[in-house]
Amino acid sequence: MTTIQPTAPDKLWTPANIVTLIRICLVPVFVLAILSPWPEWVGLPGITMEAKCVIAAGIFILISCTDWIDGYLARSRGEVTDFGKFMDPLADKLLVMSAMAWFVQAGWMAAWAFFLVIARELAVTGLRLVAVEQGRVIAAAKSGKVKTASTMVCICLMLLLSNAATLRLVCVWIILLTTIYSGVEYFIKNRDVLANGEM
């Protein structure tokens, strides 16, 4: 946990922030690719659900790659802004939650598992907000980074190999276990934040 450092005044239209905004705009494209009957709209009714999943996976991978790009641009140019700090993780969560919501609809993921993922995100976000009020920042833990990476990989595998029911089940459990573990670790390591602000 580190003390919040003052930052330079934000500039909204930095290259990194533009990439972040593009990522957010691409999330509805991902949702339409997997949810809508777009093959019929373009006169290609022969495109199967499996093919749609592969296309959606391609869009998902593209959006995920831009996450690295905007982070690199912000750090290398010294343009880390409050706007980027807020919108960058929001873009990730919108993308991941959109995919998982469809998994629930498709019967690939239990609703209770999706609920636990959402609950973890809300709980950790709340913990970070309390820390900010105390003038501190909770840095991303290693387990949180592992959770994010494994979730992204698992979602891609579930989309690319949509007919592999066993693989889908394994991926859901990997997502669920890494999510729970990282969430519990955040609270154990930062339990002092909730102790009335006392160290």
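Residues numbered from 1 in each chain as written. Predicted model: local features only at pLDDT ≥ 70, side-chain atom pairs only at ≥ 80, totals over all residues. Heavy atoms only, no water.

A.B. asks: Just to check I follow, could you spell out the overall build of the chain for this structure?
C.D. replies: Across its full length, the chain holds seven helices and two strands. Taken from N to C terminus, the helices and strands of the chain fall in the order β-α-α-α-α-α-β-α-α. Here the chain holds 199 residues, and the buried ones make up 39% of them. For the chain, the share of sequence-separated contacts (at least 6 apart) that also reach a separation of at least 24 residues comes to 76%. Element-wise, carbon and sulfur atoms account for 71% of the exposed surface of the chain, whose accessible area totals about 11200 Å². (Helix = DSSP H or I, 4+ residues; strand = E, 2+ residues; numbered from the N terminus. Buried < 20%, exposed > 50% of the residue type's maximum accessible area, 1.4 Å probe, protein only. Contact = heavy atoms within 4.5 Å. Areas by Shrake-Rupley, 256 points an atom, 1.4 Å probe, with all protein chains shown as cover.)

A.B. asks: Would you explain the pattern of salt bridges in this entry?
C.D. replies: Any two side chains of opposite charge can pair if their charged atoms end up close together. On inspection of all chains with the given rule, the structure shows five salt bridges. We note a salt bridge from Glu121 to Arg120, for which the minimum N-O separation is 3.3 Å. The two residues Glu121 and Arg120 agree in class, both being buried. A cluster of three or more residues bridged by salt bridges with shared partners is formed by Lys93, Arg120, Glu121 and Lys147. (Salt bridge = Lys/Arg side-chain N within 4 Å of Asp/Glu carboxyl O.)

A.B. asks: Is there a simple way to think about the environment of Asp92 in this case?
C.D. replies: Turning to its location among the elements, Asp92 is positioned in helix α4 (residues 82-106). The exposure class assigned to Asp92 is buried, which follows from its relative accessible area of 15%. As for Asp92 and Met152, which are separated by 60 residues in sequence, their C-alpha atoms are 9.6 Å apart. Apart from the residues within four sequence positions on either side, Asp92 is in contact with Arg23, Asp67 and Met152.

A.B. asks: Can you help me understand the environment of Leu169 in this one?
C.D. replies: You can see Leu169 is positioned in helix α7 (residues 165-189). Taking the C-alpha atoms as reference, Leu169 lies 7.5 Å from Trp108; in sequence the two are 61 residues apart.

A.B. asks: Please clarify how helix α3 (residues 49-76) should be interpreted in this entry.
C.D. replies: Owing to its 3.6 residues per turn, the α-helix brings residues three or four apart onto one side. Between its first and last C-alpha, α3 extends 41 Å over 28 residues, near the 40 Å set by a 1.5 Å rise per residue. When we look at burial in α3, the residues that qualify are Lys52, Cys53, Ala56, Ala57, Ile59, Phe60, Ile63, Thr66, Asp70, Gly71 and Ala74. Two residues or fewer after α3 comes Gly78, characterised by a positive phi angle close to 65 degrees. (Expected span 1.5 Å × (residues − 1).)

A.B. asks: Teacher, can you tell me more about the nonpolar core here?
C.D. replies: The tendency in soluble globular proteins is for nonpolar side chains to be buried as a group. In this structure, Phe30, Phe60, Met100, Phe103, Met109, Ile155 and Leu159 are the most contacted members of the largest nonpolar core, which totals 33 residues. Taken together, the elements giving at least two residues each to this core come down to α1 (15-35), α3, α4, α5 (111-133), α6 (142-160) and α7. Judged by nonpolar contacts, the second largest core, of six residues, contains Leu127, Ala131, Tyr186 and Val193. (Core = buried A, V, L, I, M, F, W, Y, C linked by side-chain atoms within 4.5 Å.)

A.B. asks: Can you walk me through a nonpolar patch on the surface in this structure?
C.D. replies: Taken together, Trp112, Phe115, Leu116, Leu169, Trp173, Leu177, Ile180, Val184 and Ile188 make up a surface patch of nonpolar side chains, about 910 Å² in accessible area. Contributions of two or more residues to the nonpolar patch are made by α5 and α7. The element that contributes the greatest number of residues to the nonpolar patch is α7, accounting for six residues. Inspection of the secondary structure assignment puts Ile188 in helix α7. A relative accessible area of 49% places Ile188 in the partly exposed class. (Patch = residues over 30% accessible without salt bridge, like charges linked within 9 Å, V, L, I, M, F, W, Y side chains within 5 Å.)

A.B. asks: Looking at this structure, how should I read the packing of α1 against α3?
C.D. replies: What describes two packed helices is the angle between their axes and the distance between those same axes. α3 packs onto α1 with a crossing angle of 170 degrees between their chain directions and a minimal axis gap of 9 Å. Classified by the angle their axes make, α1 and α3 are roughly antiparallel. When its residues are assigned to classes, the contact of α1 with α3 shows 19 nonpolar, two polar and four charged. (Axes fitted to C-alpha atoms, helices over the stretch in contact; angles between N-to-C directions. Parallel < 35°, antiparallel > 145°, perpendicular 65-115°, else oblique. Nonpolar A, V, L, I, M, F, W, Y, C, P; charged D, E, K, R; others polar.)

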